Each structure stands twice: as C-alpha cells, then as structure tokens.
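Fold and geometry: a report
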Amino acid sequence: MPHADLMVTNGIVLTMDLAGTVIEDGAVVITGDAITATGPREAFSPYEASRVLDAGGGIILPGLVNAHTHAAMTCFRGLADDLPLMTWLQEHIFPAEAKLNHEIVYKGSLLACAEMIQSGTTTFCDMYLFEEAVAQAAEASGIRAVVGEVLYDFPSPNYGPIDKGFAYTEELAAKWKGHPLVTIAVEPHSPYLCAPGLLKRAREIAEKWDLPMVIHLSEAPSEVTQIEERYGCTPVEHLARQGILTPRLIGDHCVALTEGDIELLASHQVKVAHNPESNMKLASGIAPVPRLLEAGVCVALGTDGCASNNNLDMLAEMNTAAKLHKVHTLDPTVLDAPTVLSMATRAGAAALGLSDRIGSLEAGKKADLIVVDTQQPHLVPMYNPVSHLVYAARGSDVVASVINGRVVMENRRLLSLDVERILADMRGIAQTMRE
C-alpha cells in the first residue's frame, strides 16, 4: 500500500501549473517536504497517510507569495497615515526606525508572519533592518522567506557605515546558505539613497553568492525627477548604466516608467513587484502593469509594509490590483482573475528565483499550499473558483496552511506560533514608540 506523510484532500485543487489544471474533487499527496502527486481524490484511495487534512470541499491552491514587504513595520501600523511619500518616509518612518533593535524587529516580524500565514501567504520577500532577526522569525514561524538587509548611503541603525552593511550581508549569506526556508538577498534601498559605487558593490555581492537583488525603483514621479536632476536620466536608465539591470533584479513598485524604461526592464529580464494598495495610499501613482505584462516582464504582487498599506493580506491585494487597473484603463478585461492569481503564485515564485520549488502544486515541488473555506455566505454560490479567490475571498477565509510539508495552521489555529504572546509583546513595543 502506498504511503504518504500528509494528504490534503476533498477540495478543488488549483494546481497553477502551466496548463492551468483544475481538479474538481482532488487531493495533494505529500511526502517529507515535497509534493508526491496531485490528482482526483479517488485515485489516492489506496494510499495510507500518516495525516489527512480535509479541505471540506474548499479550494486547495499554492500558498501566496508576497513579493515585497517590510515585515517588522507592523510596529508602525497606523503611525503616520495620510502623508506624501517623502514626508512620510523622511519625517516619520526614518526617525522611528532609529529606535529599532534586533529584539523589536524579531517581535514585529513574528507578528507579520502570524498575519501572513493566517491570510494565505506562505512566502514573503523582506527588505528591512536587522534582517538576521527577520530570518530567525521566519524560521520560528515555519514560513518561507527571502530576506535582505537594506543598504543605503547614510549610517544604518543596525550596521553603521555601509562597509559594515556589505559585511553584514555577506555574513547573512554564509550563515543561511542552503537553509530550507530562508534565502538571503542583496538589497540596496533605491537609486536616490544609493550612490553608484554602492549599487555596483551590491551587484558584485549578489553575483558572488548567486543571490537575488532587490531595490525600490521608480516608486513615484518625485523620485524620477530627483534622479533626472542628479544623473540626467530616469532611475531605470541609471541602473542600466551602472550594470544593475539583470535577471536576478527585482524592482519594487515601478510606478513612474517611460516606454523606454519598460523596454529596458523587459530586455534585461528584470522582475517587478507591484504594490497597488501602498501606491494608492501614498498617492505614488499607478504602475503600468498591463503594459509591463504585454512587454513580457514578470510581474509579481506585494503588500509593502504595514506603515503604508496597512495590512499584509494578499487576497485583498489581489482584489485591489484587478480592480485598480480596470478603472484606470476603463477596460474591464484588463488584469483578469487568472492573471492576478498567477501574479500572487507562479509569478511571485519566479520573481524571487524560487520557481523550481514553489508557485504551483506539482510533483517534486515543495509542499507549500493553503486551503480556503468556501462554505461562507459571501462565497456561495461559486461558479468559478479562480474568480472567487480574486473578487470575493478574504484573508480570513484561509483555514489551513502547509509550508515545506509542515502544517503550520489548521482550522485557523496557528500551530507554529504563540499568537497571544506575540500580541502582548507588540502592545508593549507600541507603548515604547508612543513614549
């Protein structure tokens, strides 16, 4: 009799494979940390499983990939709302970040991991300070993460001068190399806060360790104006001149782009992380996502941090992304549901360099999946499960999560974290921030 460690069964399986395979009454068979098989539930009746997770007729799909966030900014949720980007960043966020330390970032990241797992995210890409703490929080939570210390020209509250920032990044790369859940990235903040020499050194480290590279890019028109005044070209053109545009680069936001910028991103196979809710809240603009996709650019989806969103709910982000571009283009066919769901799964995995491991439910890939309970008033009736996920589902509808073969949430109960302790710790941190 065939044996499996875990079987997730009795649900509609959205594999998100290239063929778009949907299995109406399906199951996913897991052995160790990997998927052994997917198929009709009846095909696996001979199997003996150590553990069975009943989806209750809901939707079984790959875990969502949050391609850009700042996890520990849960500490600043609601701290400085309704402000322009540069005012928000330079007068409120940077001063608040000066108070951060390893412990605060660790506890803030635990809170973020809890929120993400409970709303369907199984992988996130983080850019922040004290990233060793973020990696530790991800490991403790059982969530998959790509993490990198933010690098910029002025001294960091964590590492001090930039030379130590480069050393810190390489120490992270060495320590976490080969980890089953944590991948390190090299992460210069942005063209306007990173001199050309910093950018080139960051690229060298990324190439040396074969790591992804992440940067905020053309987030708002004001950034473009600043770079044009400084270097006589757009931020994308500036990165091209510095040799930074490569397939390993993930450009976060990419809101204010020219047609030439889009062609450069496409020709260099740069990936883009689209963050519609954050861009809307900070009034940064609307990224030309339909045009990027048309040009062949891989576009993933992210929430950004809780200080500019103010949540980490990827189901909400999908809903916003789909509707924003329809109203912006006055075309209801733009960014249809399958495209948006792919941005949050397959494309997210590809953007982070993880497409060989996650992003779809296929034999041989890591077992990262979620179960969405569709027996809810706002989800009945259901004619199209993909459309339902994008336009009707909520983060609170996610009832189970499996990451790397481990059940980390079942019946909405987190099994890897002490949520009450995390909430209490965050209330204490918030009081310190107020004082």
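Above: the structure in question.
Computed from a predicted model, the values in this text were never measured in an experiment.

Brief notes about the overall build of the protein chain
- Counting its regular elements, the protein chain contains 15 helices and 18 strands.
- Scaling as 2.2 N^0.38, a compact globule of 435 residues should have a C-alpha radius of gyration of about 22 Å, and the protein chain matches this with 21 Å.
- Counting all 435 residues of the protein chain, 60% fall into the buried class.
- If you take every contact in the protein chain between residues at least 6 apart in sequence, the share linking residues at least 24 apart comes to 72%.
- In the structure as shown, the protein chain presents an accessible area of about 15900 Å², 52% of it carried by carbon and sulfur atoms.
- Here the protein chain contributes 32 positively and 53 negatively charged side chains, and the mean placements of these two sets differ by 4 Å.

Digging into the packing of aromatic side chains
- In the structure shown here, the tally under the stated rule is four aromatic pairs.
- Aromatic side chains phenylalanine 94 and phenylalanine 154 sit 5.6 Å apart centroid to centroid with 65 degrees between the ring planes, which places their arrangement in the edge-to-face category. Remark: phenylalanine 154 occurs in the loop between strand E8 (144–151) and helix H4 (162–176) and phenylalanine 94 occurs in helix H1 (residues 85–97); sequence separation between them is 60 residues.
- The buried category is assigned to phenylalanine 94, whose relative accessible area is 19%.
- According to the relative accessible area criterion, phenylalanine 154 is partly exposed, its value standing at 31%.
- An aromatic cluster is present here, built from Phe94, Tyr152 and Phe154 joined pairwise through their rings.

Observations concerning the packing of helix H3 (residues 131–141) against H4
- Contact pair H3 / H4: the axes reach a minimum separation of 10 Å and the direction vectors enclose 25 degrees. Comparing the axis directions of H3 and H4 gives the class roughly parallel. Classified by chirality, the crossing of H4 by H3 is right-handed. Contacts between H3 and H4 involve Glu131, Glu132, Ala135, Gln136 and Glu139 from the first element and Tyr168, Leu172, Lys175 and Trp176 from the second.

Some details on the state of the cysteines
- Inspection of the entire model under this criterion finds zero disulfides.
- Counting only cysteine sulfurs, cysteine 254 is the nearest neighbor of cysteine 233, a cysteine outside any disulfide, at a range of 15 Å.
- Here cysteine 306 is not cross-linked by a disulfide; its sulfur's nearest cysteine counterpart is in cysteine 75, at 9.6 Å.

Overview of unusual backbone geometry
- Following asparagine 309, the chain continues into asparagine 310 via a peptide bond in cis, with omega recorded as 20 degrees.
- Looking at the secondary structure, you find asparagine 310 in the loop between strand E14 (299–301) and helix H11 (314–329).
- Unusually for a residue other than glycine, methionine 16 sits at a positive phi of about 60 degrees.
- Tracing the backbone through its elements, the reader meets methionine 16 in the loop between strand E1 (3–14) and strand E2 (22–31).
- Among the residues examined, methionine 16 registers a relative accessible area of 12% and is labelled buried.
- Unusually for a residue other than glycine, phenylalanine 130 sits at a positive phi of about 55 degrees.
- With respect to the helices, strands and loops of the structure, phenylalanine 130 is situated in the loop between strand E7 (121–128) and H3.
- On the accessibility criterion, phenylalanine 130 (8% relative accessible area) is buried.

Regarding the packing of helix H2 (residues 102–118) against H3
- At a closest axis distance of 8 Å, the pairing of H2 and H3 adopts a crossing angle of 40 degrees. With respect to their mutual orientation, H2 and H3 come out oblique. Considering only the axes of H2 and H3, their crossing is right-handed. Note on element contacts: H3 touches H2 through Glu132, Ala133, Val134, Gln136, Ala137, Ala138, Ala140 and Ser141, opposite His102, Val105, Tyr106, Ser109, Leu110, Cys113 and Ile117.
- Within the contact of H2 with H3, the residues separate by chemical class into 10 nonpolar, four polar and one charged.

A look at the sheet that holds strand E13 (residues 271–274)
- Taken in spatial order, the four strands make up an open sheet running E11-E12-E13-E14, and their pairing is parallel. Both edges of this open sheet fall to strand E11 (213–217) and E14, since each of them pairs with a single strand only. When strand polarity is set aside, the average angle formed by the axes of neighbouring strands in this sheet is 30 degrees.
- For strand E12 (residues 249–253) and E13, the ladder comprises three bridges, and the chain directions are parallel. Counterpart to glycine 251 in the pairing with E13 is valine 272.

Observations concerning the side chain of histidine 68
- Considering the arrangement of structural elements, one finds histidine 68 in strand E6 (residues 64–69).
- Reaching out from histidine 68, the side chain makes a polar contact with the side chain of aspartate 252 at a distance of 2.9 Å.
- The contacts of histidine 68, once residues within four sequence positions are left out, are Cys125, His216, Asp252, His253, Ala273, Asn275, Gly302, Thr303 and Asp304.

As for the pairing of strand E17 (residues 406–410)
- Where strand E16 (residues 398–403) lies against E17, three bridges are found, and the strand directions are antiparallel. By the bridge assignment for E17, valine 402 is matched with valine 407.
- Pairing of E17 with strand E18 (residues 413–414), which is carried by two bridges, proceeds in the antiparallel orientation. Note that in E18 the partner of methionine 409 across the bridge is leucine 414.
- The hairpin turn running from E17 into E18, its antiparallel successor, is two residues long, and asparagine 411 in that turn takes a positive phi close to 55 degrees.

A closer look at the pattern of salt bridges
- Counted according to the given criterion, the structure contains 19 salt bridges.
- Linking glutamate 362 and arginine 346 is a salt bridge whose minimum nitrogen-to-oxygen distance equals 3.9 Å. With glutamate 362 in the loop between helix H13 (346–351) and strand E15 (369–372) and arginine 346 in helix H13, this residue pair connects regions lying 16 residues apart in the sequence.
- Among the ionic pairs, arginine 421 bridges to aspartate 425, the shortest N-O distance being 3.4 Å. Placement of the pair is arginine 421 and aspartate 425 together in helix H15 (residues 419–434), with a separation of four residues, close to one helical turn.

Parameters and conventions
Residues numbered from 1 in each chain as written. Predicted model: local features only at pLDDT ≥ 70, side-chain atom pairs only at ≥ 80, totals over all residues. Heavy atoms only, no water. Helix = DSSP H or I, 4+ residues; strand = E, 2+ residues; numbered from the N terminus. Rg over C-alpha atoms; globule rule 2.2 N^0.38 Å. Buried < 20%, exposed > 50% of the residue type's maximum accessible area, 1.4 Å probe, protein only. Contact = heavy atoms within 4.5 Å. Areas by Shrake-Rupley, 256 points an atom, 1.4 Å probe, with all protein chains shown as cover. Lys, Arg positive; Asp, Glu negative; His and termini not counted. Charge placed at Lys NZ, Arg CZ, Asp CG, Glu CD. Phe/Tyr/Trp six-rings, centres within 6.5 Å; stacked < 30°, edge-to-face > 60°. Axes fitted to C-alpha atoms, helices over the stretch in contact; angles between N-to-C directions. Parallel < 35°, antiparallel > 145°, perpendicular 65-115°, else oblique. Left-handed = near helix turned anticlockwise from the far one by under 90°. Disulfide = S-S within 2.5 Å. Nonpolar A, V, L, I, M, F, W, Y, C, P; charged D, E, K, R; others polar. Pairing = 2+ DSSP bridges. Polar contact = N/O pair within 3.5 Å; in protein donor to acceptor, adjacent residues only side chain to side chain. Salt bridge = Lys/Arg side-chain N within 4 Å of Asp/Glu carboxyl O.

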